[in-house]
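The chain contents come next:
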Amino acid sequence: MHTERVNIMSKHYEVPSTFAKKAYINEALYQKWYQQSIDEPETFWGERAKEFISWHTPFEAVKSGSFEKADMRWFIGGKLNASFNCLDRHLKDNGKKVAIIWEGDDPNETRKITYKELHELVSRFANGLKNYGIQKGDRVCIYLPMIPEVAIAMLACARIGAIHSVVFGGFSSDSLKTRILDSDCKMVITADEGIRAGKKIALKENTDAALKGCPNVKKVIVVKRTGNPIHWEKNRDIWYHEVIEGGDPQCEPEMIDSDDPLFILYTSGSTGRPKGVLHTTGGYLVYVAMTHKYIFDYHEEDIYWCTADVGWITGHSYIIYGPLANAATTVMFEGVPHYPSFSRYWEIVDKHKVNIFYTAPTAIRALRREGDLFVSKTSRKSLKLLGTVGEPINPEVWEWYYQVVGEGRCPIVDTWWQTETGGILISPLPGATALKPGSATLPFFGIEPEIVDETGKPIKTNTSGKLVIKKPWPGFMKTIYGDHQRFIDTYFKEVKGVYLTGDGAHRDEEGDYWISGRNDDVIKVSGHRLGTEEIESSLLEHPAVSEAAVVAIPHEIKGEAIYAYVSTKAEIEPSENLKQELKRQVRNSIGPIATPEEIQWTEALPKTRSGKIMRRLLRKVARNEIEDLGDVSTLSNPFVIEELIRERKKNQDIP
Ligand code: PRX
């Protein structure tokens, strides 16, 4: 990794005076609370836990454990239920308030569900789950499109203490299968089909294929979304609407330990298969509720919309648990930003009078490319705050979002966080922080980031290094499901006593953080997190492939794209057809998001004398940075360089 001096961006946007006055947190309060959260974390988090969450049994201690031992626990002895906190406790004052505004892929389809209605649906479904044998601690896989039933299913699991594992609807049947098997799910909740941009996604068909290899799944609950004919296993499949109709509307929430699991969510890492990030209940809920309120400066009357898919952590924390814990109205969108036209997001903003809008840089880049007219023809007057997440946002794109979408009046919160962190760790607070386009700015309460060098030593201002977090916070994951050793090895081994994020960053002289992206073998394609090794394994499954290596290349819209180097077996002639076949292979085995942008044939991969693939060199060649290839003296087969460069030139349509 490089530790060069970084150019300083000096552009600032001061906190708008209107925001500074009415926001919950202004600069002075931020400083005061931040200091307290660092000096007296137990007092700080203890108070917040009582303020944001209703406890059935109060906790006896705020926290225990450390990063050194990877054994952190929060709100010890406390008992609570996440569904109670997201529903029941709101009924008295907010029963009639809309909890979910659902906007279908088709602009004519909208549904509004009040807290009272959601409470009843969740209770009925929770009873249904119990009737089919699901108990506390059981794992339930949810493979649904963006429809309200995904929230109902998650909250119903939480209500009875079952652990949900939501799998993104864009994953293939193979990916679904490995996730079901890894956490030994007993049940799958899916839909006949999903719909995105008018196209159908065969969710039930994928589930049927996945379940051929999952003997422990005894029941499948199916939501009727499109009504198209599907295969039906008589003794296994059950219609969701029949479960709801047959379920008793009274279901006492199971009060579980603060440290009991709430969910598992699979995410990709540098090596190996995706890992099941396990989040527990108390700490997670306190953290997502608090960050949701202060970072988005959420007020009671606001309409809040996060465009993420519930299959990712952003959807878990900031469509479902954070907003619902705060009794917010959360918008859930089934479709995509470009359908039926590139104005769709802004039309939804106008239709539902959205005040807070949270999306990903990849969507902003794609919409920006289409020109301002798609934006300017809509009103957007309701908007007061914009957010971004998932990858670095470049300053030009930030400016467009700020000036064109927000018309210069909406602060942007550039929120940095990860599946592992549960909630946002670094972000402006809209009433407290001056904005710098491209910088996630300052740490949230209780978060102590540090930038370290290769040896784990803190490094100088304006020098890039590895981003680590020094102390635990309540939203952090508890472990990797079924593999605690992997948890330790992944996050706590390389630099002792801190959490290693896997990201590169630098801090400027004002203490603001600039995150440059992953510095491990994780790729962010349109904000989706993929590991190079899983894509390589998928390529290697093809009988024609003898070796494969995958690297990231920059991409104008996707942020990063996948560039694959492949060597075929001796008797196989590389061809355009084979390239297409390999792309299909990855699509089918992981999902469309993992499809390589380009495949380059190579006789051999560049390897060091110890047999390690020299990815740095592959990255340079893929990015066309061939003038300076760096130190290649440790290569055991330097002759491949010339061939790599020659073949790369054939792919000139890739920038
Ligand atoms: O590289 C960082 C990038 O997304 C990674 C985490 O991905 P995931 O677990 O899928 O969670 C995404 C949503 C929270 C991080 O390691 N990332 C996330 N937010 C930002 C970001 N990079 C730069 N700026 C951000 N605001």
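Criteria and thresholds
- Residues numbered from 1 in each chain as written.
- Predicted model: local features only at pLDDT ≥ 70, side-chain atom pairs only at ≥ 80, totals over all residues.
- Heavy atoms only, no water.
- Pairing = 2+ DSSP bridges.
- Helix = DSSP H or I, 4+ residues; strand = E, 2+ residues; numbered from the N terminus.
- Axes fitted to C-alpha atoms, helices over the stretch in contact; angles between N-to-C directions.
- Core = buried A, V, L, I, M, F, W, Y, C linked by side-chain atoms within 4.5 Å.
- Buried < 20%, exposed > 50% of the residue type's maximum accessible area, 1.4 Å probe, protein only.
- Contact = heavy atoms within 4.5 Å.
- Near = heavy atom within 4 Å.
- Polar contact = N/O pair within 3.5 Å; in protein donor to acceptor, adjacent residues only side chain to side chain.

**A closer look at the sheet that holds strand β22 (residues 465-469)**
(1) Moving on: Read across the open sheet, the four strands follow the order β21-β22-β24-β25; overall the sheet is antiparallel. Every other strand in the sheet has two partners, leaving β21 (449-452) and β25 (513-518) as the edge strands with one partner each. Pairwise comparison of adjacent strand axes, ignoring direction, gives a mean angle of 45° for this sheet.
(2) Moving on: Pairing analysis gives four bridges linking β21 to β22, with the strands arranged antiparallel. Across the sheet, the residue bridging to Val-452 is Lys-466, located in β22.

**Remarks on the nonpolar core**
(1) Moving on: Residues Leu-118, Phe-125, Leu-129, Ile-189, Tyr-321, Met-332 and Phe-445 are the most contacted members of the largest nonpolar core, which totals 163 residues.
(2) Moving on: Among the elements that make up this core, the one with the highest residue count is helix α7 (residues 148-160) (10 residues).
(3) Moving on: Beyond its immediate stretch of four places on either side in the chain, Leu-129 contacts Ile-134, Ala-156, Cys-157, Ile-160, Met-187, Ile-189 and Ile-221.
(4) Moving on: By size, the runner-up hydrophobic cluster in this structure holds 29 residues, among which are Tyr-345, Trp-346, Leu-383 and Tyr-402.

**Points about the site of the ligand**
(1) Moving on: Near the ligand you find 17 residues, and of these Asp-414, Thr-415, Thr-419, Asp-503 and Arg-529 are the closest.
(2) Moving on: Here Glu-391 contributes a backbone N or O atom positioned 3.4 Å from a nitrogen atom of the ligand.
(3) Moving on: Contact distances for the ligand include 2.8 Å between an oxygen atom and a side-chain N or O atom of Lys-524.
(4) Moving on: Elements with a contribution of two residues or more to the shell around the ligand: α12 (313-325), β20 (412-415) and β25.

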